[in-house]
Amino acid sequence: MKKGILVCVFGLFLVISQVSLAGDIGLGVIEIKSGSVPAYTTSGIELLFGGDYADHEVTAWENKDQMWEEDYTLEVYDPGWGLINDIVIADIDGDDMQETLVANSGSMVHIYEHDGEELVLTHNLTHPSWNDQVNTIAVGDLDNDGSPILEVLATAGSQNYHSVVFKRVGDSYSPVFNITSDDPRHAAGSVCTVGDMNNDGDLEFIVSESIPDADGLSLIRLFDWVTDTWVNIRNFALVTDDYNNNVQTLQIADVDNDDENEVLVNQDQEFVIVLEYSGGIFSRSWSCAYLDTRIDCTIAGDITNDGLIDIVVPDPVTDLIYIYETVEEAIVNTFNISFVHDNHWFSGGFTCMDIGELGDDGLNEWVFVHWNETAFPHEWITIFRNDTILQEGPTGFLYGSTVEIGNYDNDEAGIVVTTTSSPTTPTTPTNPSPGGLPIPLELLAIGIAVPIILVIGILGYKRKRI
């Protein structure tokens with residue numbers, strides 16, 4: 001009898017301590033379907049990786065006890081090469097839930113919604129003239145109508161209409177604006193980006209186009225919404241050479257922290273530069289002084305968590321990651337991170353990056369995807385906070401070209417525990433009573449467990465009397 005009472009008391013203690021922990025750290029208790037996964041804390045922020053030519057997959061890494069591990073895999077139908085070129089996580093339909101957009105090498109953009117368990121395909125976006133891979137996608141209120149239903153901009157390698165704006169009309173998306181090259185040789189597209197380029201409070205977009213020949217073309221083109229359509233208001237020609245005239249990355253951001261946006265350009269021949277846009281004219285205001293070869297990626301964001309935008313430039317020749325900050329109104333190289341990598345035959349070894357809040361603490365991390373020749377699979381990930389490595393290891397892919405930080409499954413930060421309930425249900429540290437008054441979970445647990453202990457005690461006492 002005493003042993004039974006002790007077991008009940010111990011069980012009560014475990015219930016109260018578990019609920020008290022959730023209340024003490026300010027986290028809700030998120031219930032998931034029954035299974036073998038032990039309870040863990042999560043920030044509710046995930047990492048999505050795009051797969052390579054062999055896998056045709058998008059994988060999601062969940063935050064579990066301050067580490068990130070692969071939790072979900074989605075096979076993407078692709079009649080092309082199988083490479084996932086870009087991923088965007090955003091609420092594009094105004095329902096306060098994040099959607100996942102995937103660009104692949106099969107001339108198509110897929111839109112997925114998360115149903116609480118998995119990603120469900122809702123729309124496929126393509127253009128009849130596309131015959132090559134979709135390279136990049138960007139979203140925004142491009143027609144500045146104030147609608148929460150955003151337009152989708154996509155850039156493809158096709159020479160006819162290399163960039164297209166898709167707009168949702170009713171239940172489907174349609175191409176409403178098509179961009180082809182003004183050059184008679186019909187250049188192909190490579191990269192696009194969306195932002196307030198002229199600092200007038202609404203959005204513009206930039207697309208790039210190129211012809212990788214000795215007398216080729218490397219151009220960025222700025223478009224703005226004027227009256228009832230998009231107008232190409234300015235172009236900027238970049239340096240060309242015998243080959244590789246492509247723009248690798250574009251980003252509109254306040255990279256010099258002067259309260260006005262610039263465009264960060266990573267191009268094969270000019271490497272990494274910043275363009276100011278003032279008075280309707282683009283002009284070079286900064287360039288990375290240390291580079292002497294093309295690189296695959298660069299990015300701007302607050303990696304030092306000081307409230308200012310930084311520029312991250314990985315150099316495959318010197319095995320250094322250059323960090324640039326704004327100091328006394330100038331962009332300067334303040335520190336470097338030594339990062340030994342292994343090169344491979346079709347890339348500089350550094351493939352993609354993203355910067356954002358991975359935890360639930362208001363601080364940014366940055367994710368760096370790179371090649372590791374000594375390991376298999378070769379594509380590896382390193383997660384930094386400032387200049388400190390938090391985690392590193394293989395992505396599971398032979399090669400990948402995109403990584404995205406975001407809450408793709410619309411879950412919440414909290415403690416995830418396994419239960420026998422069927423739906424995935426977030427709860428708070430208090431449960432509402434039938435009358436609508438909140439009852440603390442600690443008191444609720446005591447109210448359930450104490451009568452059970454008393455009944456067992458009474459029965460034991462009666463047995464002793466008999």
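Up top is the structure.
Residues numbered from 1 in each chain as written. Predicted model: local features only at pLDDT ≥ 70, side-chain atom pairs only at ≥ 80, totals over all residues. Heavy atoms only, no water.

### Quick word on the state of the cysteines
Step number 1: Considering all chains together, one arrives at zero disulfides under this definition.
Step number 2: Cys297 forms no disulfide, and the closest cysteine sulfur to it belongs to Cys352, at a distance of 6.6 Å. (Disulfide = S-S within 2.5 Å.)

### Describing the nonpolar core
Soluble globular proteins tend to pack their nonpolar side chains together in the buried interior.
Step number 1: If you look at the biggest cluster of nonpolar residues, it comprises 19 residues, and the most contacted ones within it are Ile92, Leu101, Ile137 and Val139.
Step number 2: Secondary structure elements with two or more residues in this core: β6 (84-90), β7 (99-104), β8 (108-114), β10 (134-140), β11 (151-156) and β12 (163-169).
Step number 3: With sequence-adjacent residues up to four places away left out, Ile92 is seen in contact with Glu99, Leu101, Ile111, Val139, Pro148, Ile149, Leu150 and Tyr173. (Core = buried A, V, L, I, M, F, W, Y, C linked by side-chain atoms within 4.5 Å. Buried < 20%, exposed > 50% of the residue type's maximum accessible area, 1.4 Å probe, protein only. Helix = DSSP H or I, 4+ residues; strand = E, 2+ residues; numbered from the N terminus. Contact = heavy atoms within 4.5 Å.)

### Thoughts on the side chain of Gln391
Step number 1: Its location among the elements puts Gln391 in strand β29 (residues 388-394).
Step number 2: Looking at Gln391, the relative accessible area reads 12%, which means it is buried.
Step number 3: Here the side chain of Gln391 touches Trp68 through a polar contact of 2.6 Å, landing on its backbone oxygen. (Polar contact = N/O pair within 3.5 Å; in protein donor to acceptor, adjacent residues only side chain to side chain.)

### Focus on the pairing of strand β3 (residues 46-50)
Step number 1: By the criterion of burial, β3 is predominantly enclosed, with five of the five residues buried.
Step number 2: Along β3, one buried face is formed by Glu46, Leu48 and Gly50 and the opposite face, lined by Leu47 and Phe49, is buried too.
Step number 3: Here four bridges tie β3 to strand β30 (residues 403-406), and the two strands are oriented antiparallel to one another. Directly across from Phe49, in β30, lies its bridge partner Val403.
Step number 4: Of the strand pairs in this sheet, β3 and strand β4 (residues 57-64) are connected by four bridges, and their pairing is antiparallel. Each bridged residue has a counterpart across the sheet, and for Phe49 the counterpart in β4 is Thr59. (Pairing = 2+ DSSP bridges.)

### Re the side chain of Thr351
Step number 1: Here Thr351 is to be found in strand β26 (residues 350-356).
Step number 2: According to the relative accessible area criterion, Thr351 is buried, its value standing at 8%.
Step number 3: When near neighbours in sequence (up to four residues on either side) are disregarded, Thr351 contacts Asp296, Cys297, Val369, His370, Glu379, Tyr399, Gly400 and Ser401.

### Regarding a nonpolar patch on the surface
Step number 1: Together, Val226, Val231 and Ile233 make up a nonpolar patch on the protein surface, roughly 180 Å² of accessible area in all.
Step number 2: Tracing the backbone shows Ile233 in strand β17 (residues 229-237). (Patch = residues over 30% accessible without salt bridge, like charges linked within 9 Å, V, L, I, M, F, W, Y side chains within 5 Å. Areas by Shrake-Rupley, 256 points an atom, 1.4 Å probe, with all protein chains shown as cover. Salt bridge = Lys/Arg side-chain N within 4 Å of Asp/Glu carboxyl O.)

### Here's the deal with the sheet that holds strand β23 (residues 310-315)
Step number 1: With respect to topology, four strands assemble into an open sheet ordered β22-β23-β24-β25, the strand pairing being antiparallel. The sheet is open, and its two edges are formed by β22 (299-301) and β25 (330-338), each paired on a single side. Shown here is a sheet whose adjacent strand axes are inclined to one another by a mean of 25 degrees, direction ignored.
Step number 2: Strand direction decides the pairing type here: β23 and strand β24 (residues 320-327), joined by five bridges, are antiparallel. By the bridge assignment for β24, Pro314 is matched with Ile321. (Axes fitted to C-alpha atoms, helices over the stretch in contact; angles between N-to-C directions.)

### Observations regarding the packing of aromatic side chains
Step number 1: Counted by the stated rule, this structure contains 16 aromatic pairs.
Step number 2: An angle of 70 degrees between the planes, with centres 6.1 Å apart, marks the rings of Phe236 and Phe282 as edge-to-face. Here Phe236, found in strand β17, pairs with Phe282, found in strand β21 (residues 281-287); they are 46 residues apart in sequence, far enough to count as distant. There is no split in this pair, since Phe236 and Phe282 are both buried.
Step number 3: Summarising the aromatic geometry, the rings of Trp366 and Phe368 are spaced 6.4 Å apart at their centres and angled 35 degrees between planes, so their arrangement reads as tilted. Comparing Trp366 with Phe368, the two get one shared label, buried.
Step number 4: The rings of Phe177, Phe205, Phe223, Trp225 and Trp230 are connected pair by pair, giving a single aromatic cluster.
Step number 5: Positioned above the aromatic ring of Tyr40, the side-chain terminus of Lys64 is 5.1 Å from the ring centre. (Phe/Tyr/Trp six-rings, centres within 6.5 Å; stacked < 30°, edge-to-face > 60°. Lys NZ or Arg CZ within 6 Å of the ring centre and 35° of its normal.)

These results come straight from atomic positions and should not be treated as a statement about function.
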